[in-house]
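Analysis of the macromolecular model
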Amino acid sequence: MAKILSIVETAYRATIEEQDDTILWLNHMLKNGGADISVLLRANAVNYAVKGQDASGLSFGETKMAHPPEIDKDVESMIQKGVPVYLVEEDAKERGLSDEGFVSGIKKVKREALPELIDQHDQVWHWLGSRKISQVSTE
Amino acid sequence: MAKYLLVESRDPFDSSDSEYFCELVEGISNRGNEVTLFLVQNGVFPLRGGSKHSGLITKLLQNSVKILADDFSLRERAIKKPLDGVEVADMGRIVDLLLEPGTKAILH
Amino acid sequence: MATGKTLTISIMDAPYESASSTTALRIINAALEKGHNVNVFAYEGAVNLTMKAQQPHATPVKGTSVEQEQHPTTKDWVAALFKLASTNGVKLDWINCGLCVDERGAGDWIDGPRRGGPKDLLDASSASNATLVIPTK
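Residues numbered from 1 in each chain as written. Chains lettered and ligands numbered in written order. Predicted model: local features only at pLDDT ≥ 70, side-chain atom pairs only at ≥ 80, totals over all residues.

**Considering the overall build of chain B**
Filter applied, for reference: Helix and strand assignments follow DSSP, with helices taken as H or I runs no shorter than four residues and strands as E runs no shorter than two, numbered in order from the N terminus. The reference for a compact globule is 2.2 Å times residues^0.38; the radius of gyration itself is calculated from the C-alpha atoms. Exposed residues have 12 or fewer other C-beta atoms within 10 Å of their own C-beta, buried residues have 20 or more, and partly exposed residues fall in between, where C-beta atoms are placed from the backbone. Whether two residues are in contact is decided by their C-beta atoms, placed from the backbone, lying within 7 Å.
Of regular secondary structure, chain B possesses four helices and five strands. Ordered by position from the N terminus, the helices and strands of chain B form the series β-α-β-α-β-α-β-α-β. On C-alpha atoms alone, chain B measures out to a radius of gyration of 13 Å, which is about the 13 Å that the 2.2 N^0.38 rule sets for 108 residues. Overall, the C-alpha framework of chain B stretches about 35 × 25 × 25 Å when taken along its three principal axes. Within the span of chain B, comprising 108 residues, buried residues form 51% of the whole. For chain B, restricting intrachain contacts to residue pairs at least 6 apart in sequence, the fraction spanning at least 24 positions comes to 70%.

**Examining the interface of chain C and chain B**
Basically, it comes down to this: Charged means Asp, Glu, Lys or Arg here, nonpolar means Ala, Val, Leu, Ile, Met, Phe, Trp, Tyr, Cys or Pro, and polar covers whatever is left, Gly included.
The interface of chain C with chain B comprises 17 residues on the first partner and twelve residues on the second. Of all the secondary-structure elements, those providing two or more residues to the side of chain C that touches chain B are α1 (19–33) and β5 (130–133) of chain C. Sorting elements by how many residues they give to the side of chain C that touches chain B places α1 of chain C first, with seven residues. For the side of chain C that touches chain B, the per-class residue count stands at ten nonpolar, four polar and three charged.

**Some details on the nonpolar core**
The condition that has to hold: Think of a nonpolar core as buried Ala, Val, Leu, Ile, Met, Phe, Trp, Tyr and Cys residues chained together by C-beta atoms that fall within 7 Å.
Judged by nonpolar contacts, the single largest core of 111 residues is most densely connected at Leu-41 of chain A, Val-25 and Leu-98 of chain B together with Ile-9, Ile-28 and Ala-42 of chain C. Among the elements that make up this core, the one with the highest residue count is α1 of chain C (seven residues). Not counting chain neighbours up to four residues away, the residues in contact with Leu-41 of chain A comprise Val-8, Val-46, Tyr-48, Ala-49, Val-85, Tyr-86 and Leu-87 of chain A.

**Focus on the interface of chain A and chain C**
Contact with chain A, which involves 16 residues of that partner, is made by ten residues of chain C. The element that contributes the greatest number of residues to the side of chain A that touches chain C is strand β7 (residues 123–128) of chain A, accounting for five residues. The class makeup of the residues in the side of chain A that touches chain C is seven nonpolar, seven polar and two charged.

**Observations regarding helix α2 (residues 71–80) of chain A**
An α-helical turn contains 3.6 residues, so a residue and the one three or four places further along point in the same direction. All names here are of chain A. As a reminder, the rule being used: Working note: the arc is built from the helix axis to C-beta atom directions.
Along α2, the positions that sit buried rather than exposed are Ile-71, Asp-74, Val-75 and Met-78. Along the axis of α2, the buried positions cluster into a sector of 100°, meaning they face one direction only. As for α2, its buried residues are in contact with α1 (22–32), β2 (36–41) and β5 (85–88). Immediately downstream of α2, the backbone of Gly-82 shows phi near 95°, a positive value.

**Focus: the confidence of the model for chain B**
Caution applies to low-pLDDT parts of the model: their predicted coordinates are not meant to be read in detail. Counted only if it meets this: pLDDT measures the predictor's confidence residue by residue and takes values from 0 up to 100.
Put simply, chain B has an average pLDDT of 94, and 100% of its residues get 70 or more. Both confidence scores are given for the complex: pTM 0.91, ipTM 0.95.

**Notes on the sheet that holds strand β1 (residues 6–11) of chain C**
Residue and element names in this part refer to chain C. Under the convention used in this document: When DSSP locates at least two bridges between a pair of strands, those strands are taken to pair. Convention adopted: a line fitted to C-alpha atoms gives each axis, helices being fitted over their contacting stretch, and angles between N-to-C directions are expressed from 0 to 180 degrees.
Taken together, five strands build an open sheet; the order of strands is β4-β3-β2-β1-β5 and the sheet is parallel. Whereas interior strands pair on both sides, the edge strands pair on one side only; in this sheet they are β4 (114–116) and β5. This sheet shows a mean twist of 25° between the axes of neighbouring strands, independent of strand direction. Relative to strand β3 (residues 92–97), strand β2 (residues 37–42) runs parallel, the two being bridged by five bridges. Residue pairing in the sheet places Ala-42 in a bridge with Asn-96 of β3. Where α1 meets the sheet, it contacts β1, β2 and β3, and its direction lies at approximately 170° from that of β1.

**Quick word on the sheet that holds β5 of chain A**
All names here are of chain A. Taking strand neighbours across the sheet as the criterion, the five strands line up as β6-β5-β2-β1-β7 in an open arrangement whose pairing is parallel. What marks the edges here is a single partner per strand, and that holds for β6 (107–109) and β7. Strand-to-strand twist of the sheet, defined as the mean angle between neighbouring strand axes without regard to direction, takes the value 25°. With three bridges joining them, β2 and β5 adopt parallel strand pairing. The partner of Leu-40 across the bridge, within β5, is Tyr-86. Taken strand by strand, α1 contacts β1 (3–8), β2 and β7, and its axis lies near 160° from that of β2.

**Focus: the environment of Glu-103 of chain C**
Residue and element names in this part refer to chain C. Mapped onto the elements, Glu-103 comes out in helix α4 (residues 98–104). Under the C-beta neighbour-count criterion, Glu-103 is labelled partly exposed, with 15 such atoms within 10 Å. For the pair Glu-103 and Ser-128, spaced 25 residues apart in sequence, the C-alpha separation works out to 29 Å.

Laid out in structure tokens, this is it:
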């Protein structure tokens, strides 16, 4: 069975889809199906590891979102199921995130160690690309 | 040592994340792996002579990374001649590289 | 001549929203032309690529009619890929993720694709010589 590393970068794309993040869900399902899956959260997706995310309360007209996503719980659930979930340490630090705020069981990895992490897997499935906008030039 | 096919579809003007990917390419190569970087879509923009971001590509070439550029993407953007050292290829080449045994493929 | 090799590709983008859709179709086309089998796992918006109800349109800006525009929609491109596979004696297995289909009302598709789910991606990948995931943004 191939060892697969799934990389997630973009976050909070599909809140109106409710229930979950579509890629975390997919990887959870792949695990349930027997895949040897690890997940790497980088860029804005490092926020998925933060405890206390709350997307409740959305409503449009009279229609309310009954089951908002609880992504921190989804991440915890994956970890409990034995899915290694990594996040890029520098990406978290750049975003003001500290260890105390993360769900337990998250594995931190430094940017410089990403090639090694990738080498340890047979396949790398890159699901969501972030749209980090280039710095505005002041020249 | 493993074989890698890394495909960059984004450009540094639109996404500064391209720099992360170039660093990743370099890091994987520095670990002794055989790396091919295939540029497609707007990922070919740095190949135009005089581009502000050509340095990202030049650095990788100097680090012995094999770099290919999609012929259609170049033509679509009227980039007549990419940077020296970059080979023009077609999608058939991506397929050949993907199907080489033991190749890990990442598309960014 | 069929090579016996299989490539699995996962795609996510809805039609006309991203250059990645063009790249994906080009890779699939190239693989089929070379005599390889191809599995496609269409996730999220990519399930809209095969919708039967897509229609071409005229282009008032150019002054051209529907007939003059000869404007294949993505379902036509995909149908052409199925035909290419058949001509070359190879298999194109196009799987639309069922839950994505349901959420998008994209269930009325052209001949060829089938409904599936994450397990199909895993099975396809496990049985393939290579897997490529084409991300969305």
